[in-house]
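# Fold and contact review
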Amino acid sequence: MTSARMTPGRWVIWALLLAGGLVMIFPVYWMFATAFAPRGSLLDGTLRLWPPSLTLANLREAWESQPVGRWAVNSVITTVAGVAITVLVSLLAGYAFAKYRFRGRNVVFLAILLTIMVPIQVIMVPEFLVVAKLDLVGTLWAVILPRAAEGIAVFIARQFMLGIPDELLEAARLDGAGELTVFRRVVLPLCGPLVGVLVILAFVWRWNDLIWPLVALKPDTNYTLPLGLQSMHGTFNSPIEAVMAVSVLAMVPVIVVFLVFQRRFVQGITSTGLR
């Protein structure tokens, strides 16, 4: 097997890819460098890409001056509960649209797909009115429940489950298994890659959500990390080093979840086609 020859054109492509990668990763690097740099050491007018020393003082200052711990707990609660509900609803809805024949199925599925194209700003007012009628404004449930079903998640689940052979389901039904038993014992064990995709997508959506929590939650103690960061940069005018330290803290869970589910994520994306 011969290796591909590095022609001048290939060198140009690799150079452009490397340059693009550096451009995209530099803001992340600068965030980490600023978060662990002494106050003002990177912003004193001297051209310096690495701090003279590393310190945790910025994170300590942010933790002591702002309710960062409470923000983190709120983010964990809303994200974990939201991901669990979204994944469960998506799996059940995807299974129903993929394996059941009922009147109006295509129309309902098309309506779900149309919701993907509707920005949240369009539905924010009626959504808030519904939450207010349920007396949930200011509580974490106001963030968890409205996005229990995501159109793109239902679509991905449906496309994946179209690939599950109907023969397996029919064999289980002939053995006397009920629909929930078939779903739990036959369908779910085959949905590991799909669950990986849904967990990562739902986690990123929930963890980074800013606009709707800003409307639905009350200030300070009920804030999530994105809202806390926004308030630090605006209302409280915290030092940029402290803001970057909390930004690093907010980024770590997303990186961990992706590393844990990345293999399942790749498998789920490659096995979910436009069937």
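Preceding block: the structure.
Residues numbered from 1 in each chain as written. Predicted model: local features only at pLDDT ≥ 70, side-chain atom pairs only at ≥ 80, totals over all residues. Heavy atoms only, no water.

### Quick word on the overall build of the protein
Stated formally: Put simply, DSSP marks the helices as runs of H or I at least four residues long and the strands as runs of E at least two long, and each gets a number from the N terminus on. Remark: exposure states derive from per-residue accessible area (1.4 Å probe, protein chains only) relative to the maximum for the residue type, with buried under 20%, exposed over 50%, and partly exposed in between. Two residues qualify as a contact provided that any one of their heavy atoms is within 4.5 Å of a heavy atom in the partner residue. Here the accessible surface of atoms and residues is derived via Shrake-Rupley with a 1.4 Å probe, and residues count as covered only by protein chains that are part of the display. Two residue types count as positive, namely Lys and Arg, and two as negative, namely Asp and Glu; His and chain ends fall outside the count. Charged groups are reduced to one reference atom each: NZ for lysine, CZ for arginine, CG for aspartic acid, CD for glutamic acid.
Helix and strand content of the protein: 13 helices and zero strands. When the helices and strands of the protein are read in sequence order from the N terminus, they spell out α-α-α-α-α-α-α-α-α-α-α-α-α. Each principal axis of the C-alpha atoms in the protein carries an extent, and together these give about 75 × 70 × 35 Å. A burial count over the protein gives 36% of its 275 residues as buried. Considering only contacts within the protein whose residues lie at least 6 apart along the sequence, 72% involve residues at least 24 apart. Accessible surface, the protein: about 16,100 Å² in total, of which carbon and sulfur atoms supply 70%. Between the centroid of the 21 positive side chains of the protein and the centroid of its 14 negative side chains there is a distance of 8 Å.

### Some remarks on the pattern of salt bridges
Operational definition: When a carboxyl oxygen of Asp or Glu is within 4 Å of a side-chain nitrogen of Lys or Arg, the pair counts as a salt bridge.
Across all of its chains, the model carries three salt bridges by this definition. In this structure, K99 and D166 form a salt bridge, with 2.8 Å as the shortest nitrogen-oxygen distance. Note that K99 is positioned in helix α3 (residues 68-99) and D166 in helix α8 (residues 166-174), a separation of 67 residues in sequence. Between D209 and R147 there is a salt bridge, with its nearest N and O atoms 3.6 Å apart. Within this pair, whereas D209 is found in the loop between α10 (192-208) and α11 (211-216), its partner R147 is found in the loop between α6 (141-144) and α7 (151-161), the two being separated by 62 residues in sequence.

### Overview of the side chain of T78
Counting through the fold element by element, T78 comes out in helix α3. A relative accessible area of 3% means that T78 is categorised as buried. If we skip the residues at most four places from it in the chain, T78 touches L140, V143, I144, R206 and T224.

### Focus on the nonpolar core
So the rule is basically this: For our purposes a nonpolar core is just a set of buried Ala, Val, Leu, Ile, Met, Phe, Trp, Tyr and Cys residues, chained together by side-chain atoms within 4.5 Å.
Core analysis: the biggest nonpolar cluster contains 44 residues, and M161, V187, L194 and L225 have the highest contact counts within it. Of all the elements in the fold, those that place two or more residues in this core are α3, α7, α8, α9 (179-187), α10, α12 (225-233) and α13 (240-271). Within the second largest apolar cluster, six residues are counted, among which are V131, A142, W212 and A216.

### Points about the side chain of E150
Selection criterion: Polar contacts here mean pairs of N or O atoms no more than 3.5 Å apart (in protein, one a potential hydrogen donor and the other a potential acceptor; neighbouring residues in sequence count only if both atoms are side-chain atoms).
Of note, E150 is situated in the loop between α6 and α7. Among the polar contacts made by the side chain of E150, one reaches the side chain of R147 at a distance of 2.6 Å. Those residues in contact with E150, other than ones at most four positions away along the chain, are T86 and W205.

### Let's talk about a nonpolar patch on the surface
Where we set the bar: Within the patch definition used here, like charges are joined within 9 Å and nonpolar side chains (Val, Leu, Ile, Met, Phe, Trp, Tyr) within 5 Å, considering only residues with over 30% relative accessible area and no salt bridge.
Judged by side-chain polarity, L18, L22, I25, V28, F32, I255, F258 and L259 come together as a nonpolar surface patch covering roughly 720 Å² of accessible area. Put simply, the parts of the chain that give the nonpolar patch at least two residues each are α1 (8-35) and α13. No other element matches the five residues that α1 contributes to the nonpolar patch. Note on F32: relative accessible area 31%, which makes it partly exposed.

### Some points on α12
Burial within α12 is extensive, with seven of its nine residues counted as buried. Of the positions making up α12, those classed as buried are L225, P226, L227, G228, L229, S231 and M232.

### With respect to the packing of aromatic side chains
Operational definition: For this analysis, a ring pair means two rings from Phe, Tyr or Trp (six-membered ring only for Trp) whose centres lie within 6.5 Å, classed as stacked if their planes differ by under 30 degrees, edge-to-face if by over 60, and tilted for the remaining angles. Should the NZ of a Lys or the CZ of an Arg lie within 6 Å of a ring centre and within 35 degrees of the ring normal, that charge is described as sitting over the ring.
Applying the stated criterion across every chain yields a total of eight aromatic pairs. Taken together, a centroid distance of 5.6 Å and an interplanar angle of 90° make the contact between Y95 and Y100 edge-to-face. The class for Y95 is buried, based on a relative accessible area of 5%. Judged by centre distance (5.3 Å) and plane angle (55°), the ring pair of Y95 and F183 falls under tilted. With Y95 in helix α3 and F183 in helix α9, this residue pair connects regions lying 88 residues apart in the sequence. One residue, R158, lies across the ring of F109, its end atom 4.6 Å from the ring centre.

Bear in mind that shape data such as this cannot, by itself, settle questions of function.
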